[in-house]
Amino acid sequence: MRVFQMQRISAIALVVFLTIHMIVVHYPPFHIDFDQIIIRMADPLWKAIDIVFLFFVLMHALAGAWVVLTDVQRFSRLKRAFAGAAIVIGLIAFYYGTKTIIAFQPPV
Amino acid sequence: MGNNSTHPTAIVRIQRFNPETDAKPHMQEFEVELKPGTTVLDALHEIKTHQDGSLTFRRSCRHAICGSCAMHVNGKNELVCNAPLKERLDRHGRITIRPLPYLPILKDLVVDRSSFWEQYLRVKPWLTPPEDAPEKEFRMSPEEVAALNNAETCIMCGACYSSCQIVGLTKEYIGPHALLKAFLRVMDPRDSIPGERLADLDGTDGVYRCRTIFNCIDACPKNLNPTLAIETLRKLAQKREAFEQARIERQKHLDEPIPAR
Amino acid sequence: MYTSSGFISFALRRLTGVALVVYLFMHLWVIGSVNAGPEAFDARLAFVQQPLFKLLEVALLAAVVYHAIDGIRIIVVHYTGITEYRKSMFYAVLAVSTLLVIAGGVPIIRFMLEGK
């Protein structure tokens, strides 16, 4: 799949997920602490939504960073190296983020 | 010329650069008479003839058709032969002329356009007719001509190419001028290799390098729309095989009269 | 340099995009502290809920909102082929973004000042 298509698909997904995320998590603003998050995160559906959200965010962010870098001519010969680095960073961040989402258990 | 004239004058600021003596470009001001009907190119000629013969710029036809005299006037790319001097003056009666941006300057207002032509050749800008071409004229329907969106009127002046920030970042990008030409050939029912063309453009240097900045539309002196051409090529690249098949079908009827509607 | 509304939108999109990538990894790091237990989580969250960070949050909101709305504009251009209203569309993006940032930013500032 082309980076362009990855950006388009993840962008459309993010518009939906980010709207949900902003309204549910951050609006209206409040002092965030563990107890408040745990109530919502106890629902497995929210965990699933957040994991999918994380996937698209990482895809969009890393593909976007790759595009910004490879648009500069002197970096273009490194585009394979950048792509490899983006995949590695993406996998590590996805593993860490998923672990974090799952760690929100009521009796920690 | 000069002081006893009754004509008002205009101040022409020109970016000068002589590679033999200058380390970097600098601005120089000239004063020219503002006669009725003076174009920006006329002002440059006036300066070169009467004030400074070393001023270097490209021009040829003076009728906005050769594409030689595209320059960066007051922050916009345009053909100076087609630009009325009076309308380009700011409230201090000044005009600023620079060479086309994002390209290496050779001297004064002349830029090195090698990358422009190299990228142009990359898209195979010529028409490739079918091998068993009939010995008759080919016929295109009015709809097929309309779909070209006047792309055939491009004069290759380089105004769009050098207005593009992505060209400024990387000369590996094919560029709006060549993509517009590729669009023209792909949409042309007489062309027999649209699939091959779309495959060539379907890369990070091609249609996917465009960031939809729209500068090419603003810059084009012929009111063409390279951005829309690129967006169209992007969509066609997704359904390349179906498009190629439709072209093969279409070319079976190239020499037949277009049915009346 | 060739300035135009298209270039400004492009530059802002790039700038906010890079800022958001940096933020994303900071965000992962802060939220990731839950792996070390609720105390560590609350401690790290308390650090990023100081007044300075509230102001940064408004900037973050502006970056997210602009990047999203401008992205929607690009998607609309791609699927509809509208290019003649390119300048108006950019100004519309700025107007909608400003409204959304005010709508979201005022509660954040009020929360910062009143603490509730």
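Residues numbered from 1 in each chain as written. Chains lettered and ligands numbered in written order. Predicted model: local features only at pLDDT ≥ 70, side-chain atom pairs only at ≥ 80, totals over all residues.

A. Main features of the overall build of chain C. Secondary structure assignment for chain C yields four helices and zero strands. Sequence-ordered secondary structure for chain C, helices as α and strands as β, is α-α-α-α. Along the first, second and third principal axes, the C-alpha atoms of chain C reach 55 × 30 × 30 Å. Put simply, 74% of the contacts in chain C that link residues at least 6 apart link residues at least 24 apart. (Helix = DSSP H or I, 4+ residues; strand = E, 2+ residues; numbered from the N terminus. Contact = placed C-beta atoms within 7 Å.)

B. Broad picture of the overall build of chain A. Along the backbone of chain A there are four helices and zero strands. In chain A, which comprises 108 residues, the share counted as buried stands at 20%. Taking as baseline every contact in chain A between residues at least 6 positions apart, the subset at least 24 positions apart corresponds to 78%. (Buried ≥ 20, exposed ≤ 12 C-beta atoms within 10 Å, placed from the backbone.)

C. Region of interest: the interface of chain C and chain A. Counting from both sides, the interface comprises 26 residues of chain C and, opposite them, 25 residues of chain A. Classifying every residue of the side of chain C that touches chain A gives 17 nonpolar, seven polar and two charged. (Nonpolar A, V, L, I, M, F, W, Y, C, P; charged D, E, K, R; others polar.)

D. Molecular detail of unusual backbone geometry. With a phi angle near 65°, N150 of chain B is a residue other than glycine that sits in the positive phi range. Along the chain, N150 of chain B turns up in the loop between α4 (142-147) and α5 (165-169).

E. Representation of the interface of chain B and chain A in the model. Taken together, the contacts link six residues of chain B with six residues of chain A. In terms of residue class, the side of chain B that touches chain A is built from three nonpolar, one polar and two charged.

F. The arrangement of the sheet that holds strand β4 (residues 76-79) of chain B in detail. Residue and element names in this part refer to chain B. Taken together, the five strands give an open sheet; going across it, the order is β2-β1-β5-β3-β4, and neighbouring strands pair in mixed fashion. The outermost strands of the open sheet, each flanked by one partner alone, are β2 (26-33) and β4. For this sheet the average axis-to-axis angle between neighbouring strands, irrespective of direction, equals 35°. In the sheet, strand β1 (residues 9-16) pairs with strand β5 (residues 94-98) via four bridges, with the strands oriented parallel. Pairing of I11 across the sheet is with R94, part of β5. Lying over the sheet, helix α1 (residues 40-51) contacts β1, β2, β3 (70-73) and β5, oriented at roughly 95° with respect to β2. (Pairing = 2+ DSSP bridges. Axes fitted to C-alpha atoms, helices over the stretch in contact; angles between N-to-C directions.)

G. Examining helix α4 (residues 79-103) of chain A more closely. Between its first and last C-alpha atoms α4 of chain A spans 35 Å; for 25 residues at 1.5 Å apiece the expected length is 36 Å, and the two agree. All buried positions along α4 of chain A are accounted for by A86, G97, T100 and I101 of chain A. Its buried side turned inward, α4 of chain A meets α3 (44-70) of chain A together with α1 (5-32) of chain C. (Expected span 1.5 Å × (residues − 1).)

H. View of helix α6 (residues 176-187) of chain B. Residue and element names in this part refer to chain B. Taking 1.5 Å of rise per residue, the 12 residues of α6 would be expected to cover 16 Å, and the 16 Å separating its terminal C-alpha atoms lies within 8% of that figure. Burial analysis of α6 places 12 of its 12 residues in the buried class, the great majority of the element. Turning to α6, its buried residues are P176, H177, A178, L179, L180, K181, A182, F183, L184, R185, V186 and M187. Residues of α6 that are buried sit in contact with α3 (114-122), α4, α7 (194-201), α8 (215-219) and α9 (226-238).

I. Focus on the confidence of the model for chain A. Chain-level pLDDT for chain A is 88 on average; 91% of the residues reach the 70-or-more range. At the low end of the mean pLDDT range in chain A sits helix α2 (residues 34-41) of chain A, at 78; at the high end sits α3 of chain A, at 95. (pLDDT = per-residue confidence, 0-100.)

J. Representation of the nonpolar core within the structure. In terms of nonpolar packing, the biggest core is built from 67 residues, with V40, V80, L179, F183 and L233 of chain B touching the most fellow members. Sorting elements by how many residues they give to this core places α6 of chain B first, with eight residues. No fewer than three residues from each of domain 1 (9-111) and domain 2 (114-251) of chain B sit in this core. One finds L62, A65 and F104 of chain A together with I31 of chain C within the second-largest nonpolar core, a separate group that totals 24 residues. (Core = buried A, V, L, I, M, F, W, Y, C linked by C-beta atoms within 7 Å. Domains from an automatic or database assignment.)

K. Broad picture of the confidence of the model for chain C. Residue and element names in this part refer to chain C. With 98% of its residues at a pLDDT of at least 70, chain C reaches an overall mean of 90. Considering each helix and strand of chain C separately, the mean pLDDT is smallest for helix α2 (residues 38-47), with a value of 82, and largest for α1, with 94. The ipTM for the predicted assembly is 0.89, set against a pTM of 0.92.

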